[in-house]
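# Commentary on secondary and tertiary structure
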Amino acid sequence: MLAPRTKRAFPPVVKTLSVPAPFGVNLVDTASDLPAGDCLVCENMLRGQYGLRTRSGYREWVTNIGEEIRTILPFQGATGATDKLFACTQSGIWDVTASSAAPSQVYVFPTADADSGYGVGKGFVNLAGGHYLLYADQANGYIVYDGSTWTKIAAGVGPTDISGVDPATFVHVGLWKNRAWFTQEDTSVAWYTGTAALYGTVTAFDFGPQFRHGGNLVGIWNLSIDGGFGIDDYLVAMSSSGDLVIYEGTDPDVPGFFSQVGAWYVGQVPAGNRWMTDFGGDILVLSTLGVIPVSRIKSGAITQTEDAYASRKISPALSEQLTSLATTRGWEIRIHPEDKTLVVVVPDDDTQWLMSLHANSWSKSTGVPMATCAEWKGKMYFGSAGGTVYINDGDVDGLNRTGTNTPTAIQWSLLTAFSDIGTASNKRVKQIRPRFITDGAVPQYTVQANYDFDQTLPTSISYVTPTGAGLWDSAIWNSSTWGSGVGTAGEWRGAAGMGTYAAIAMTGASKSRTTLTTFEVFYDVGGLAL
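What comes next is a walk through the structure. (Residues numbered from 1 in each chain as written. Predicted model: local features only at pLDDT ≥ 70, side-chain atom pairs only at ≥ 80, totals over all residues. Heavy atoms only, no water.)

### A few points about the nonpolar core
Counting residues in hydrophobic clusters, the biggest one holds 58 residues, and the most contacted among them are Leu244 and Met276. With sequence-adjacent residues up to four places away left out, Met276 is seen in contact with Trp221, Val236, Met238, Leu244, Ile283, Leu284, Val285, Val294, Ile333 and Arg334. Counting residues in hydrophobic clusters, the runner-up holds 17 residues, among them Leu134, Ala180, Phe182 and Val202. (Core = buried A, V, L, I, M, F, W, Y, C linked by side-chain atoms within 4.5 Å. Buried < 20%, exposed > 50% of the residue type's maximum accessible area, 1.4 Å probe, protein only. Contact = heavy atoms within 4.5 Å.)

Structural data, given as structure tokens:
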């Protein structure tokens, strides 16, 4: 009698998968079906050339100011030799043009209080070719830098006075059609100068009747877009309650030459007046509804689609922060010239949101003590609560002014989208290899597989300085730098666990520019999850 035949068990077939580096965070769409390029966590990395790269680091520029830096003011003179950079504190204005451990205070505020130093500056050129920096804050009103001296402007009829209202009540200055427009404190009124004038008689214009939700006027901005008959400049007025009003024309003094285009509600805006910024000819505005270009508001997109908001994919987190910190001064939005990102500064948090201008993708920046920032000469400068001015560049954090300390590695983390890889069966990720491009030392990292929407990240690692550079034929393959140029890195790491949906979680530390290009994955597939 023949013995019964037994079935032979075959081990699961190991499969391979290549996962491109994501573009940025998506906190809105379904976690099991995120669009290609989106991820769930992206901290201290941003979309760059070839993949996802580490954000810029920071280094000291000016130290020992001894007070919180509340505003960074760039000044562009007639020549590069006359360009200046200033920092405002509660007590006054400091010259921070050159790197120094002993900066000079060039102006003492007449009033030093909780509001002084939180200001707005605008560059201005008059008909004679003179270059000026116009500044206003809630405590000290209107102050002008003429290329050599800061002067508080007084009410009067003199050649450098303001006539018609006390300029000590000015809290914001904007420019439109070659006129200076000043916002008067706690009113809905703006005062504008004559053409190409920064002094003299000013005329009032009340925007209050257009503010359907009430509130006071926050400021005036200039919008340059194609209105259908070529590029034109529109005046944008913003209220503290979220009403945005747009005007067109050429001369507010002449009837029929200045008229309203429309009024829109953009959501509740935070405290202060630095949550709008120029973006090319456009303007970006930040509110509890998100970040949106004013050109889209004007075109009606705000009422048509949620995609009108540039910040849609981070809206849950950003809206929560805006709501909880709505009355905290310090919200800012700026353009980072080197990183090619939009920077949203969150007050009191050492946190910023970064939007890559290449891919409109978002990531979170942490560990940067940025209280206020501004672009000057192609660099991003920022001030801290501790009284230091930094430059936001390089590949490490906390480099001192003389370059003699040991800076901190940039700590980063990532969690990709979850995927069922085309089947409802269980998966076991066996090995993961991230692929990097580096400008120097290889990154140090921990990588793991997460299953079924577990968002736990690996524990942050402490950076250990490498003992030597990689040598051909003696260094570890796929984890060394060949010479002094750009190198590649990445090695296989084991993974564990099982689930229907899988994602890759990784934390790391870098002291050189690091770009993640892709993940290579070995996995196998079992039976259906029950």
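Continuing now.
### Concerning helix H2 (residues 315-324)
The set of residues buried in H2 consists of Leu318, Gln321 and Leu322. For H2, the arc enclosing every buried residue in end-on projection is 100°, short of the 170-degree limit, so these residues lie on one face. Away from its buried face, by an angle of more than 90 degrees, H2 presents the exposed residues Glu320, Thr323 and Ser324. Looking at the packing, one finds that the buried side of H2 touches strand S26 (282-287), strand S27 (290-293), strand S29 (341-346) and strand S30 (351-356). (Helix = DSSP H or I, 4+ residues; strand = E, 2+ residues; numbered from the N terminus. Arc of directions from axis to C-beta.)

### A look at the sheet that holds strand S9 (residues 92-95)
The antiparallel open sheet is built from 4 strands, whose spatial order is S7-S8-S9-S10. What marks the edges here is a single partner per strand, and that holds for strand S7 (71-75) and strand S10 (104-108). Neighbour-to-neighbour, the strand axes of this sheet turn through a mean angle of 30°, independent of strand direction. (Pairing = 2+ DSSP bridges. Axes fitted to C-alpha atoms, helices over the stretch in contact; angles between N-to-C directions.)

### A few points about the sheet that holds strand S35 (residues 397-399)
Taken together, 5 strands build an open sheet; the order of strands is S32-S33-S34-S6-S35 and the sheet is mixed. In this open sheet, the two edge strands, each paired with only one partner strand, are strand S32 (372-376) and S35. Put simply, the sheet's adjacent strands are angled 35° from each other on average, direction ignored. The pairing of strand S6 (residues 58-62) with S35 spans 2 bridges and is parallel. By the bridge assignment for S35, Arg59 is matched with Leu399.

### A short note on the environment of Val173
The residue Val173 is located in strand S16 (residues 170-176) in this model. Under the relative-accessibility criterion, Val173 is labelled buried at 0%. Residues Val173 and Gly219, 46 residues apart in the sequence, show an inter-C-alpha distance of 7.0 Å. Apart from the residues lying within four places of it in its own chain, the contact partners of Val173 are Val120, Lys122, Leu134, Ala136, Trp181 and Phe182.

### Structural notes on the side chain of Arg513
Tracing the sequence through the fold places Arg513 in the loop between strand S41 (502-510) and strand S42 (514-528). At a separation of 3.0 Å, a polar atom in the side chain of Arg513 contacts the side chain of Asp395. For Arg513, the contacting residues outside a window of four places in its chain are Arg53, Thr54, Ser56, Gly394, Asp395, Ile437, Thr438 and Asp439. (Polar contact = N/O pair within 3.5 Å; in protein donor to acceptor, adjacent residues only side chain to side chain.)

### Concerning the packing of aromatic side chains
Counted under the stated rule, the structure contains 29 aromatic pairs. A ring pair is formed by Tyr142 and Phe182, whose centres lie 4.5 Å apart and whose planes are at 55°; its orientation type is tilted. Here Tyr142, found in strand S13 (residues 141-145), pairs with Phe182, found in strand S17 (residues 179-184); they are 40 residues apart in sequence, far enough to count as distant. Here the two residues Tyr142 and Phe182 agree in accessibility, since each one is buried. Within the aromatic cluster, the residues linked to one another by ring pairs are Trp176, Trp181, Tyr192, Phe205, Phe207, Tyr247 and Phe258. Geometry around Tyr234 places Lys298 over its ring, the cationic atom sitting 4.9 Å from the centre. (Phe/Tyr/Trp six-rings, centres within 6.5 Å; stacked < 30°, edge-to-face > 60°. Lys NZ or Arg CZ within 6 Å of the ring centre and 35° of its normal.)

### Quick look at the side chain of Arg179
With respect to the helices and strands, Arg179 occurs in strand S17. Among the polar contacts listed, one links the side chain of Arg179 to the backbone oxygen of Thr193, at a separation of 2.9 Å. Filtering out sequence-adjacent residues up to four positions away, Arg179 remains in contact with Gly174, Tyr192, Thr193, Gly194, Thr195, Asp251, Pro252 and Asp253.

### Looking at the environment of Val429
For Val429, the location among the structural elements is in strand S37 (residues 425-438). Considering only alpha carbons, one finds Val429 and Ala496, 67 residues apart in sequence, at a separation of 6.3 Å.

### Some details on the pairing of strand S33 (residues 379-383)
Summarising burial for S33: 4 of the 5 residues are buried, a large majority. Bridging between S32 and S33 involves 5 bridges; their strand directions are antiparallel. Bridging from a neighbouring strand, Glu375 pairs with Met380 of S33. The loop that links S32 with its antiparallel partner S33 comprises 2 residues; one of these, Lys377, has a positive phi angle of about 55°.

### A few points about unusual backbone geometry
Look at Asn64: it is not a glycine, yet its phi comes out positive at around 65°. Considering the arrangement of structural elements, one finds Asn64 in the loop between S6 and S7. Its identity is not glycine, yet Lys177 carries a phi of approximately 50°, on the positive side. Turning to its location among the elements, Lys177 is positioned in the loop between S16 and S17. Overall, Lys177 belongs to the partly exposed group, its relative accessible area being 24%.

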